[in-house]
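One-letter residues, chain by chain:
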Amino acid sequence: MSEKDKTVDVPPPLQHLPTAKQKKYDRQLRLWGATGQMALEESHVLLINNGPGVTGVETLKNLVLPGLGDFTILDTAIVSEADLGVNFFLEDASLGKFRAEETVRLLMELNPEVRGHALMEPIETVCMEQDALAKYNLIITAAPIDPAILARIHTQAQALNIPAFYLHSLAYFSSFSVQLPPAFPIVETHPDPTSTTDLRLLKPWPELSRFAKEKTAGFEEGTMSAHDKAHIPWLCLLLHYLEKWKQDHDGKVPEAFKEKTAFRETVRAGDYNEENFDEACAAVLKSLNPPTPPSDVRAVLTAPETQTLQHDSSDFWIIAKAINVFYAKYGQLPLPGAVPDMKAVSADYITLQNVYKTKARQDSAEVLATVRELEKPLGRTGPAVSEKEVENFCKGAAHIHLVRGRPQHTARAAGEEIRFGDRAQALANELANEESLVGLHLAFLAWDEYIATHHSSADKAGGQALHITGTSESDLEADTEKLTGIAHHLLDTLITEAGTFLEDPDYTAVKTRIANFCTELCRAGGGELHNIASLTGGLLAQEVIKVLVRQYVPVDNTCLFDGIASRTQVLRL
Amino acid sequence: MQRRGRDSGISQSLGKPLTKRVKESRVLLVGAGGIGCEVLKNLVCCGFGSKQSGLDSAAPDVRSGPAATAFRQPGIVVIDLDTIDLSNLNRQFLFRKQHIKKPKAFVAKETASQFNPSVNIEAHHASIFDSKYNVNFFEGFDLVFNALDNLAARRHVNKMCLAADVPLIESGTTGFNGQVQAIKKGVTECYDCNPKPVQKSFPICTIRSTPSQPIHCIVWAKSYLFPELFGTSEEDSTDVGVTESDNAEEVAKLKVEAEALKSVRRMMGKSEFAQEVFDKVFQDDIERLKSMTEMWQSRTPPESLRYEALKAEMDADIIKRGQALATQDQATWSLHDNLAVFCYSLDTLSSRAQSGEPVIEFDKDDKDTLDFVASAANLRSHAFGIPLHSEWEIKQMAGNIIPAIATSNALTASLCVMEAFKIMRSQPQEQNGLSKPTANNNLPTTTQTAISGKVEPTLGGAKMVFLNSRSTERMITTQGLVAPRPECPVCSPVYAKLAVAADSSATLQELVLLLQEKVGYDEFSITTDAGVIYDPDLEDNLPKQLTEYASAAHGNSFITVTDESDEAKVDLALSLTVTPTTSGGAATLDIIPQHISLPLKPQKAAEADGAVDGDADSAPVPASAGAKRKRDAEEEVESAKKRAKAGKAEVQEIDDDGVINLEDD
């Protein structure tokens with residue numbers, strides 16, 4: 001609330017100001033940086049809005065504010081009284097006008113740098129055109145929608161490698177799922193700052209060993225001053241004791257937990273008081289790990305895209321292959337080069353930083369040379385892989401991540417059965433867990449299935465062709481029963497496909513939970529609660545940003561929210 | 001499509017009784033920033049306080065005392081002291097470019113009202129610490145939302161809500177993380193049940209003589225050098241303080257040093273100004289420090305810098321070079337680069353100072369001041385062998401910048417309103433519109449029991465909610481609310497009011513008698529913010545008039561009565577309210593409510609001897625326990641990691657637009 005008031009009103013000369021844009025986006029640039037911001041500003045998001053359409057608009061609000069390039073809202077609805085009560089981006093004067101135009105207009109007020117477009121054509125006709133979706137970088141579709149049309153959108157998106165989101169928001173519940181391209185690699189995953197950085201203590205290179213030797217010479221013999229001993233960087237202490245350990249253990253380093261704790265004791269015995277020894281002891285367990293890349297990284301290095309490069313392989317795969325060559329040769333990933341903060345005299349710390357930086361540059365240079373070798377036979381037409389990109393990749397090599405996008409798991413056109421396929425087993429395992437929201441997913445699937453099978457006549461007022469459960473008081477009970485019936489049928493399909501059997505009382509319990517979800521969804525009558533829409537819009541926008549800026553690891557691939565328990569769960573479907 | 005009125009969606013989802021309660025509610029929103037804008041939108045769209053009371057003419061006056069609660073007008077009250085800044089616009093969506101420099105509260109009301117003109121929003125551009133926001137004011141609400149960015153205001157609202165016995169929803173975000181906590185006197189932990197870290201203040205000698213980290217040099221440039229040259233001096237800065245670890249002699253020498261700098265300041269505008277400043281702070285002062293050999297026995301001594309030598313290695317137009325470099329804020333400048341930016345920024349700032357800006361304050365968004373602080377900090381870092389940083393990084397450290405994004409605010413605000421629904425559902429409806437007893441002496445362990453006798457979950461199932469939208473598995477997680485900490489100095493007292501008539505001549509003596517009679521105290525003490533005013537051995541103040549204390553207390557602080565007997569009762573916290581002049585016989589001094597019964601303080605576990613002032617947290621640990629403490633610390637790290645894995649990170653914020661500590665425990 002209280003950023004210090006400026007007492008100075010005279011603005012500094014214009015040319016010295018940071019650009020207004022940089023200033024406006026300062027707080028987010030500190031998360032995803034200039035490259036992320038540029039990616040966001042070059043993106044065009046399509047929202048196919050249906051139903052009350054609040055969540056989609058709230059999502060866009062959270063994308064317009066941070067400076068998305070373009071957005072398009074496709075929506076044929078006319079603004080009604082009910083819209084005014086729940087959608088913040090409509091006003092009294094909007095009544096009777098196209099909802100697409102009105103929401104676009106009011107959203108654009110949020111950020112003059114963002115371009116908004118309204119489309120009032122029905123989606124059925126739009127997605128009949130070849131490559132109608134090609135100009136968008138990402139598509140968000142809001143339920144309810146005819147599952148046959150939804151499938152068409154998702155098939156097109158898949159063919160075009162466009163990430164596609166599909167969302168539900170009803171009363172206290174919501175869910176969204178994302179269909180990413182079959183290979184969606186992320187270099188900048190922003191790993192947890194407390195996650196360990198590779199310091200190569202188990203396999204030091206000569207310069208590092210030499211430095212450690214220099215810094216530790218004579219401290220055990222007592223020829224070093226107390227001051228110098230207290231300022232030996234802990235990295236050097238560990239390297240020193242590791243050398244000794246190896247001499248006593250046939251050249252082996254401590255591996256098992258017990259060995260490591262024993263090793264820690266030998267370090268501890270070096271000094272019981274000094275802070276640098278404390279730091280060294282504290283680092284033993286997490287810093288002495290063999291440089292095996294995590295499974296996520298191995299998945300990238302061994303992916304078919306890495307193994308067999310094509311002329312149209314993206315930079316990512318070429319660098320991945322070069323890294324794999326490096327890994328095959330040295331049994332390690334390139335050195336990231338960062339050194340954690342530690343007790344040391346400044347000069348030593350700087351030298352140590354330089355030892356690591358130099359080695360990291362060497363590694364990166366070697367990877368770059370391999371990249372150049374790999375590029376040659378491919379006959380690529382675009383620009384060569386940039387040095388900067390190789391450097392970044394090497395720095396984050398231990399944390400790269402590959403998402404294998406999967407087709408959306410949604411209801412099918414009327415007559416087609418929903419199948420769970422290779423996910424049946426995993427989902428069935430969730431059923432007995434009363435905390436799990438898998439039942440909510442089944443209820444939403446059933447809700448879509450109901451829509452697929454209950455088209456009401458298209459000539460109804462407002463042209464609304466879809467019949468939504470629970471929209472009229474008199475149908476409520478019957479609708480609830482039908483919806484629950486569909487959901488229970490899906491449950492049985494799931495159990496059968498998984499080839500398992502759910503015993504009572506678990507079976508009855510999960511049926512009751514699903515029935516409760518169905519009752520709530522029906523009671524909502526297709527209505528959104530603004531607060532849940534806003535929350536879901538926040539979650540969804542966050543994932544959209546991750547996908548567009550290609551940073552952080554996005555949800556894979558379905559997120560369910562239960563507003564009563566205030567809880568999310570992610571399922572891979 | 002039937003059932004489609006303007007409000008149909010709300011009542012369909014919330015149910016009729018809760019919808020009614022939500023519409024009739026009167027809620028307070030403290031803060032109209034990132035979370036505040038979003039909360040306001042959600043409140044408006046969910047119909048909070050939207051019932052047209054038809055009693056507009058009888059709008060309760062905040063100062064009219066307890067009667068204010070008798071007619072609680074539905075509505076939303078927004079209080080914010082701040083004005084709108086450009087860097088707010090990436091997330092505070094109720095504000096536009098044309099609103100920059102306008103009060104947030106007013107603009108938020110204006111924009112939100114456009115959406116729903118029938119909503120009742122009252123906007124105050126004011127500080128929540130203002131005396132008019134007293135306990136009576138807080139009692140006028142069904143619910144309070146904290147959407148604040150600083151610890152002091154959070155703690156204040158927490159206390160006021162405890163005193164007024166109004167549920168509070170506390171929230172905060174930083175980057176991708178957020179946290180929401182529901183607080184209710186006697187039912188849950190309060191905001192202060194868990195001690196919060198206080199703002200870090202650096203010892204003056206570390207900053208001025210023995211820096212060892214980049215931040216020390218940045219604070220030196222920002223809070224010492226810059227103000228000495230262009231603004232008010234260090235005495236005003238909270239970043240630096242004389243601490244016990246500071247050497248008095250050295251502190252005295254530093255004063256002399258600062259005086260000498262003041263004389264350099266007089267050279268401003270002359271061409272040799274930059275060199276004068278440089279020679280003074282990077283050569284002479286460093287040489288002086290270096291000569292104090294005892295200071296460098298366990299540290300590497302600094303190396304002074306030579307202006308002439310550096311300049312000789314550079315092109316003629318050093319200022320032009322600095323100007324060009326200043327645009328490259330992501331790069332780490334070399335020593336020469338820093339000198340160039342230093343000269344350039346001094347030149348620019350000097351001409352600003354000479355053309356009518358007598359005082360220039362450091363502002364992270366004022367590029368000239370940032371250029372100066374970044375280059376000066378780097379030059380000093382170089383002298384002390386500390387790694388240099390880019391201007392971009394220095395900006396973050398110097399400006400205590402907390403990353404903030406629209407999505408986290410939207411999520412956190414929605415979670416706040418979700419918790420609000422739960423709390424409103426759990427409140428007995430009769431409460432609204434009736435004045436309620438204010439001595440909230442619920443025992444801390446009381447679980448709420450519904451009229452039916454069935455045990456309801458705490459606060460209608462409200463939870464502590466954690467947001468980590470960066471996570472890919474557990475974005476929103478919850479934890480059950482915890483019962484109040486019995487020793488918490490903030491929420492363990494019973495809160496009541498002490499009404500003093502404006503014309504009362506009642507003395508402290510009379511209060512002492514009143515307390516003895518009403519509460520049955522034997523030995524006790526009375527404390528105000530300023531300290532103890534009465535205890536069994538301190539009777540000097542007894543003849544003093546209470547109105548003296550009342551005016552000093554600004555109307556919204558408390559006097560605390562502490563039982564000093566062996567079987568002590570819990571503290572009694574009295575908020576002073578000055579009531580209008582009484583006509584005739586009414587008592588001029590009164591405690592509200594009439595009946596106060598204080599439970600006994602919880603029995604403390606056998607305490608270590610000599611624990612001073614009840615501050616057990618900082619009790620010194622015997623040296624022999626050092627090794628054990630370290631082991632414990634390691635275990636703590638381990639368990640903290642486990643908790644971090646569970647996706648729960650506690651967000652804690654420090655002071656005004658301050659550093660956030662994101663603690664994984």
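Owing to the predicted nature of the structure, the values given are computational and were not obtained by experimental measurement.

Reading guide: rules and limits
Residues numbered from 1 in each chain as written. Chains lettered and ligands numbered in written order. Predicted model: local features only at pLDDT ≥ 70, side-chain atom pairs only at ≥ 80, totals over all residues. Heavy atoms only, no water. Helix = DSSP H or I, 4+ residues; strand = E, 2+ residues; numbered from the N terminus. Buried < 20%, exposed > 50% of the residue type's maximum accessible area, 1.4 Å probe, protein only. Contact = heavy atoms within 4.5 Å. Areas by Shrake-Rupley, 256 points an atom, 1.4 Å probe, with all protein chains shown as cover. Axes fitted to C-alpha atoms, helices over the stretch in contact; angles between N-to-C directions. Left-handed = near helix turned anticlockwise from the far one by under 90°. Nonpolar A, V, L, I, M, F, W, Y, C, P; charged D, E, K, R; others polar. Phe/Tyr/Trp six-rings, centres within 6.5 Å; stacked < 30°, edge-to-face > 60°. Lys NZ or Arg CZ within 6 Å of the ring centre and 35° of its normal. Core = buried A, V, L, I, M, F, W, Y, C linked by side-chain atoms within 4.5 Å. Right-handed = clockwise from strand over helix to strand, strands pointing away. Pairing = 2+ DSSP bridges.

### Concerning the overall build of chain B
Within chain B, the secondary structure is distributed over 19 helices and 18 strands. Considering chain B as a whole, with its 665 residues, one finds that 56% of them fall into the buried category. Sequence-distant contacts in chain B: of pairs separated by 6 or more residues, those separated by 24 or more amount to 71%. In the structure as shown, chain B presents an accessible area of about 27900 Å², 52% of it carried by carbon and sulfur atoms.

### Notes on the packing of helix α10 (residues 234-248) of chain A against helix α11 (residues 257-268) of chain A
A packed helix pair is summarised by two numbers, namely the angle formed by the two axes and the spacing between the axes. All names here are of chain A. Orientation of α10 relative to α11, taken along the N-to-C sense of each, is 115°, at an axis distance of 10 Å. Once α10 is placed against α11, the crossing between them reads as right-handed. Contacts between α10 and α11 involve L238, Y241, L242 and W245 on the former and, on the latter, E259, A262, F263, T266 and V267. For the contact of α10 with α11, a count of residues per class yields 7 nonpolar, 1 polar and 1 charged.

### Some words on the packing of aromatic side chains
Enumeration over the complete set of coordinates arrives at 31 aromatic pairs over all chains. Through successive ring pairs, a cluster of aromatic residues spans W220, Y224, F226, F230, F278, F282, Y307, F342 and F372 of chain B. Its end group placed over the ring of W392 of chain B, R30 of chain A keeps NZ or CZ at 4.0 Å from the ring centre. Across the ring face of Y224 of chain B, the terminal group of R208 of chain B is positioned such that the distance to the ring centre comes to 3.7 Å.

### Description of the nonpolar core
The biggest cluster of nonpolar side chains holds 169 residues, and the ones touching the most others in it are L40, F48, F145 and F421 of chain B. Excluding residues within four positions of it along the chain, L40 of chain B makes contact with L29, I76, V78, L94, A108, K109, A112 and I121 of chain B.

### Quick notes on the pairing of strand β5 (residues 164-170) of chain A
All names here are of chain A. Across the 7 residues of β5, 7 count as buried, placing the element largely inside the fold. Judged by which residues are buried, β5 turns out to be covered on both faces: A164, Y166, H168 and L170 on one side and F165, L167 and S169 on the other are all buried. Following the chain from strand β4 (residues 138-142) across helix α7 (residues 147-159) to the adjacent parallel β5, one finds a crossover that is right-handed. The sheet contact formed by β5 and strand β6 (residues 173-179) spans 7 bridges and is antiparallel. Paired with A164 across the two strands is Q179, which belongs to β6. In textbook terms, the turn of a hairpin is the stretch between consecutive antiparallel strands, and for β5 and β6 this stretch comprises 2 residues, one of which, A171, has a positive phi near 45°.

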